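Each chain, letter by letter, is given below.
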Amino acid sequence: MPFPNSSDLSPPSFILASIPGLEAAHFWVAMLLCSIYILAVTGNCAVLFIVKVEPSLHAPMYFFLCMLAAIDLALSTSTVPRVLSFYWFDTREISFGACLVQMFLIHTLSAIESTVLLAMAVDRYVAVCHPLRHAAILTNAATAKIGLVAMARGVLFFLPLPLLLLPLPFCSSRVLSHSFCLHQDVMNLACANTTPSLVYGLTAILLVMGLDAVLICLSYILILKAVLRLASWKERLKVFSTCIAHICVVLVFYVPLIGLSVVHRFGKDLAPLVHIIMGNIYILVPAVLNPIIYGVRTKQIQRRILNLIHIHNN
């Protein structure tokens, strides 16, 4: 195979990956993804609306939940419409610039979500271990500042990722292993030294998602110690039950993230289908499950949803 000329070094586009063996069923794959996306949008918009109109939910934990809902909406919307266009209209190519923008949005929004989950863990720690100081520590102003810090942290840590890829030559296969753009995936297609990009990407993930995961675990260790000091098992279960929804949301976010990272780092010999499924799970599953988890665990949200259904039926 001849070495590509200079015109090949700045790719005009990448090729999105399709599900192997299901090329003839793209329409139905798109219908399934579209249905999941509509469910995610509906659930997260419902959370935003209910928290806005329900005064009893005007508290830091539910403001953080609104942040999660907004992030999930942005994350799924930055990827799913382009994926649907691919499956419905066979637009497999994505321009280099659009790919870098999508990659930046995915990683930045994921970092912001990780920071918000850490803030929610701190909220639960203060509520359980220092209940009398909770209102004074986590005020509405403090919650807003945490949201701004989460945004700034995500942008500052992950803006360098596309900038490091921008000058690289791409002269090998331009076929991605997902239906959207991720840093590791795009980096692997470069035909130059990618060590700086690789090292920075790993460092950013460890300093954001990795550090957040450690601090969340530490928060729950302290919460568990405080709960075990309570007199009866009934009191312990009652207090700890206030953390169940957040624990589920943390698992829903971090398990697909870790799974996708493992597939990228160590799964080069895995079937392409594994990469595609893990990518879609990472993008869509948290956006769908987060509203359901908090809807099941929060009576005010349940009541508002039932009222809306009752009004609609009448």
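Up top is the structure these notes are about.
Residues numbered from 1 in each chain as written. Predicted model: local features only at pLDDT ≥ 70, side-chain atom pairs only at ≥ 80, totals over all residues. Heavy atoms only, no water.

In terms of helices and strands, the chain carries 13 helices and two strands. Taking 314 residues into account, the globule formula puts the C-alpha radius of gyration at 20 Å, and the chain, at 22 Å, falls close to it. Of all 314 residues assigned to the chain, the portion counted as buried reaches 46%. Look at the contacts in the chain between residues 6 or more apart in sequence, and 80% of them connect residues 24 or more apart. Approximately 15800 Å² of the chain is accessible, and the part contributed by carbon and sulfur atoms is 73%. (Helix = DSSP H or I, 4+ residues; strand = E, 2+ residues; numbered from the N terminus. Rg over C-alpha atoms; globule rule 2.2 N^0.38 Å. Buried < 20%, exposed > 50% of the residue type's maximum accessible area, 1.4 Å probe, protein only. Contact = heavy atoms within 4.5 Å. Areas by Shrake-Rupley, 256 points an atom, 1.4 Å probe, with all protein chains shown as cover.)

Here we take up the nonpolar core. Core analysis: the biggest nonpolar cluster contains 83 residues, and Phe14 and Leu117 have the highest contact counts within it. Considering each element in turn, this core owes the most residues, 15 residues, to helix H4 (residues 96-129). (Core = buried A, V, L, I, M, F, W, Y, C linked by side-chain atoms within 4.5 Å.)

Okay, empty space enclosed by the protein next. Considering all chains together, one arrives at two cavities of 30 Å³ or more under this definition. In this model, the largest cavity occupies a volume close to 200 Å³. Residue assignment for the lining of the largest cavity shows that the elements contributing at least two residues are H4, helix H8 (183-187), helix H9 (195-228) and helix H11 (244-266). For the lining of the largest cavity, the element with the highest residue contribution is H11, accounting for five residues. Within this model, the second largest cavity holds a volume of roughly 50 Å³. For the second largest cavity, the full set of lining residues is Leu33, Thr79, Val80, Val83, Phe180, Asn280, Ile283 and Leu284. Residue assignment for the lining of the second largest cavity shows that the elements contributing at least two residues are helix H3 (80-89) and helix H12 (272-297). No other element matches H12, which puts three residues into the lining of the second largest cavity. Of the residues in the lining of the second largest cavity, the class split is six nonpolar, two polar and no charged. (1 Å grid on protein atoms, 1.4 Å probe; cavity = no way out; pocket = protein on both sides within 12 Å on 5 of 7 lines; lining within 4 Å. Points joined across faces, edges and corners; volume = space filled by probe spheres on them. Nonpolar A, V, L, I, M, F, W, Y, C, P; charged D, E, K, R; others polar.)

Tallying each qualifying case throughout the model produces one disulfide. Here Cys99 is linked by a disulfide to Cys181, with a sulfur-sulfur distance of 2.0 Å. Linking Cys99 and Cys181, the disulfide has an S-S dihedral of approximately -120° and is accordingly described as left-handed. Highlighted residues: Cys99 in helix H4 and Cys181 in the loop between helix H7 (160-165) and H8, separated in sequence by 82 residues. Just as Cys99 is buried, Cys181 falls in that class too. (Disulfide = S-S within 2.5 Å.)

Taken together, the side chains of Phe27, Trp28, Met31, Trp88 and Phe89 define a hydrophobic patch exposed on the protein surface, amounting to about 590 Å² of accessible area. Of all the secondary structure elements, the ones that give two or more residues to the nonpolar patch are helix H1 (26-53) and H3. Per-element accounting of the nonpolar patch gives the leading share, three residues, to H1. Among the structural elements, Phe27 can be located in helix H1. The exposure class of Phe27 is partly exposed, given its relative accessible area of 42%. (Patch = residues over 30% accessible without salt bridge, like charges linked within 9 Å, V, L, I, M, F, W, Y side chains within 5 Å. Salt bridge = Lys/Arg side-chain N within 4 Å of Asp/Glu carboxyl O.)

Below, the discussion takes up the pattern of salt bridges. Side-chain pairing between opposite charges can occur once the charged atoms of the two side chains come close. According to the stated counting rule, one finds two salt bridges in the structure shown. Across the salt bridge formed by Asp212 and Arg153, the nearest N and O atoms sit 2.9 Å from each other. In this pair, Asp212 is assigned in helix H9 and Arg153 in helix H6 (residues 140-158), connecting sequence segments 59 residues apart.

A separate point is H12. Counted at 1.5 Å a residue, the expected span for H12 with its 26 residues is 38 Å, and the 37 Å between its end C-alpha atoms agrees. When the local axis directions of H12 are compared, the greatest deviation, roughly 35°, occurs at Leu284, which is followed within four positions by the proline Pro286. (Expected span 1.5 Å × (residues − 1). Bend = angle between axes of the 7 residues up to and from the residue.)

So, on to unusual backbone geometry. Backbone geometry at Asp90 places phi at a positive 60°, although glycine is not the residue there. Owing to a relative accessible area of 53%, Asp90 belongs among the exposed residues under this scheme.

Here we come to the packing of aromatic side chains. For any two aromatic rings, the description comes down to two numbers: the centre-to-centre distance and the angle of the planes. All told, the structure shown has six aromatic pairs when counted by the stated rule. The structure contains a cluster of three or more aromatic residues connected by ring pairs, namely Phe14, Phe96 and Phe170. Over the aromatic face of Trp233 sits the side chain of Arg236, whose NZ or CZ is 4.7 Å from the ring centroid. (Phe/Tyr/Trp six-rings, centres within 6.5 Å; stacked < 30°, edge-to-face > 60°. Lys NZ or Arg CZ within 6 Å of the ring centre and 35° of its normal.)

Let us now look at the side chain of Asp72. Mapped onto the elements, Asp72 comes out in helix H2 (residues 60-77). Within the buried core, Asp72 has no salt-bridge partner, and the shortest N-O distance to an opposite charge, that of Arg153, equals 15 Å. A polar contact of 2.9 Å, which involves the side chain of Asp72, links it to the side chain of Asn290. With near-sequence residues (within four places) excluded, Asp72 lies in contact with Asn44, Glu113, Pro286, Ala287 and Asn290. (Lys, Arg positive; Asp, Glu negative; His and termini not counted. Polar contact = N/O pair within 3.5 Å; in protein donor to acceptor, adjacent residues only side chain to side chain.)

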